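If you want the building blocks of each chain, they are given just below.
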Amino acid sequence: MATDSGPSDPDVTAAFERDLEALVTTAFGRGAVIDGVWDVSSPVSAAPAWTVTIERREPDPDSDPAFEPEFLED
């Protein structure tokens, strides 16, 4: 879900999307609270601050009728 915020290298953006997906799915798998609004700031004063909103969506059963999520427990 990329939005246009200025010029960017498509490879860098694709890598960011992969890293973000890995972060969210790994944290969810470990039991972290994922849903919410997160404020992200940088130690560099000239860098922008960010607000990230993560909302949970259940899979659309019509898109993959064979999909049956299974969560592993410790």
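Here the structure is shown first, and the text comes after it.
To start, this report covers the structure provided alongside it.

Description of the overall build of the protein
A count of helices and strands for the protein gives one helix and two strands. Starting at the N terminus, the α and β elements of the protein follow one another as α-β-β. Expressed as a percentage of its 74 residues, the buried residues of the protein come to 1%. Element-wise, carbon and sulfur atoms account for 56% of the exposed surface of the protein, whose accessible area totals about 7,200 Å².

Looking at the environment of Thr-25
With respect to the helices and strands, Thr-25 occurs in helix H1 (residues 10-29). Judged by relative accessible area, which is 47%, Thr-25 ranks as partly exposed. Side-chain polar atoms of Thr-25 contact the backbone oxygen of Ala-22, separated by 3.3 Å.

A short note on H1
The end-to-end C-alpha separation of H1 is 28 Å, in line with the 28 Å expected for 20 residues at 1.5 Å each. Among the residues of H1, the N-terminal cap falls to Asp-9, whose side-chain oxygen and the backbone nitrogen of Asp-11 are separated by 2.8 Å.

Definitions and limits used
- Residues numbered from 1 in each chain as written.
- Predicted model: local features only at pLDDT ≥ 70, side-chain atom pairs only at ≥ 80, totals over all residues.
- Heavy atoms only, no water.
- Helix = DSSP H or I, 4+ residues; strand = E, 2+ residues; numbered from the N terminus.
- Buried < 20%, exposed > 50% of the residue type's maximum accessible area, 1.4 Å probe, protein only.
- Areas by Shrake-Rupley, 256 points an atom, 1.4 Å probe, with all protein chains shown as cover.
- Polar contact = N/O pair within 3.5 Å; in protein donor to acceptor, adjacent residues only side chain to side chain.
- Expected span 1.5 Å × (residues − 1).

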